[in-house]
Amino acid sequence: MSGKIDGDGGHLMYKSGIFSEGRLERRPRPDLGLVEEPARSIPIFRDCDVLVVGGGPSGTAAAIAAARTGADVILLERHNHLGGLSTGGLVIWIDRMTDWTGQQVIQGIANDLLDRLPKDAVAGPPRGLWGTQDEATAAYWKERTAAYHGIVTWSPTVDPEHLKLASQELVLEHKVHLIFHAWGAMPLMRDGAVAGVIFESKEGRKAIRAAVTIDCTGDGDIFHRAGATSYSDVDTRDIHHCINTAFLLGGVDMRRWIDFKTSRPADFAAFMERGRSACGGLFERPFVSWRNEVALFMGPRLAGYSAVDVEDLTEVDIRSHRLMAAHLAVYREHAPGFEAAFMMLSAPQTGVRHARRLVGTAQVTREDWASGVAQADEIGVSPSLSPKYPVVSVPYGALVPAALDGLLVAGRAISCDATSHSFLREVPQCWMTGQAAGVAAGLAAGSGVKVRDVPVGPLQDALVRQGVLVRVGAVA
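Let me sum up the structure you'll find in this document. Everything numeric in this text was worked out from a predicted model, so none of it was measured. (Residues numbered from 1 in each chain as written. Predicted model: local features only at pLDDT ≥ 70, side-chain atom pairs only at ≥ 80, totals over all residues. Heavy atoms only, no water.)

Secondary structure summary: the protein contains 11 helices and 25 strands in total. Taken over C-alpha atoms, the radius of gyration comes to 22 Å for the protein, in line with the 23 Å a tight globule of 476 residues would show. Burial status across the protein gives 58% buried among its 476 residues. Partitioning the intrachain contacts of the protein with sequence separation of at least 6 by distance along the chain shows that 73% fall at a separation of at least 24. Carbon and sulfur atoms form 51% of the exposed surface of the protein, whose accessible area is close to 19,200 Å². Looking at charge distribution, the protein has the averaged site of its 48 positive side-chain charges lying 2 Å from that of its 54 negative ones. (Helix = DSSP H or I, 4+ residues; strand = E, 2+ residues; numbered from the N terminus. Rg over C-alpha atoms; globule rule 2.2 N^0.38 Å. Buried < 20%, exposed > 50% of the residue type's maximum accessible area, 1.4 Å probe, protein only. Contact = heavy atoms within 4.5 Å. Areas by Shrake-Rupley, 256 points an atom, 1.4 Å probe, with all protein chains shown as cover. Lys, Arg positive; Asp, Glu negative; His and termini not counted. Charge placed at Lys NZ, Arg CZ, Asp CG, Glu CD.)

Shown next, in the form of structure tokens:
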């Protein structure tokens, strides 16, 4: 989210890091007609009050928050860990949770998780520096992804394995029924409303019935297959539509690299040009990680691919793995601090930023940025992209499908315009919308009302009790 604002107030983030050339040759996909699948009975695996599909940041937060309302909760996750892109996707740089004064505005379960991490599993500025504009201090933290526009922010980098464990243990402590290796495949429908999910696993195809289902798949798979409408437009100036597989290089000395980058600008520029030449233009600078000897690469970011096309996803991974090896070769030979680097890990999960965005009963839009006032149904507050804007209010209606009952949406698929998606897709915002969806689902299941009819006052009060910053009582 560390972009800049152009002259017209539009958001430009990593524009130079968007790559749309060099696609691999693909076999044509012929129209081969259809095959008929015989009708079959599907065993019912479980019943529950709240079913959360997807165990990324939003799903983890949703399951915990729903359980805190007293609901019986099931959490389905297709991988063998929680955290989604914040762990399995190596998006270990947790973007800003503070406003431009240094106040932490994304709190709640975000704090519960980060506070559980050992001190050596978190790298970031101490609380006393949040919001400082001291030039030297901001310059230091800028190189460590924690200062933007000359202001130090709370945007830590974390050890993904510790975040996996913290997420898992907090979920289990709340008596959530956690199921790994289960892919939410299709919504279970009753009278036009979502009534659970059919999932695929090593045990075959099974069903879970739920009073309320929360789609935390990131791509909106469940609400899409249930017939809810979505937005698909993107802001081509921004990386929010790009896809790549992140990777780690070990055996480095990031302090030496930062010294090279900051003290020898001409040599750094020549190195980057050498890298672009060697890698066909697709060349990325490293980010710091939670350890000096580990470098994080969040790209190169590839444009023009669909996150819901299996062959596109395959091609992204093929190209990303090749680029990892190509980067290693260039960095080992020419970059100070990388002489002994080795390929440590490519992300187990592909780094998808955008697929579908829900058409909700409300929407966060670019026009909302300027005012900073709370929506009447505010369920959380997001930092803005620039000091020229106040914080951004996120309404409950952004989680509620416009015309589909029985289901809420949290995470990067909430209802917003393409430009607002550039920051609402980030990990802290996913924790925030997930927590709100979980509380709302628990209240709806407990009282027997539709999710769109959950009263705003009790919802906001419950969120505040769970540590969320909600400006209760303020209206637009």
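Whenever strands of a sheet pair, they do so through backbone hydrogen bonds, lying parallel or antiparallel. Pairing is antiparallel across the open sheet formed by 4 strands, whose spatial order is β17-β18-β16-β20. The sheet is open, and its two edges are formed by β17 (287-288) and β20 (342-346), each paired on a single side. Alignment of strand β16 (residues 247-250) against β20, held across 4 bridges, turns out to be antiparallel. By the bridge assignment, L248 is partnered in β20 with L345. Helix α8 (residues 310-334) rests against β16, β18 (294-297) and β20 of the sheet, and its axis sits at about 155° to β20. (Pairing = 2+ DSSP bridges. Axes fitted to C-alpha atoms, helices over the stretch in contact; angles between N-to-C directions.)

Right, let's get into the environment of A211. Summarising the element assignment, A211 is placed in strand β13 (residues 204-215). Taking the C-alpha atoms as reference points, A211 and K261, 50 residues apart in sequence, are found 54 Å from one another.

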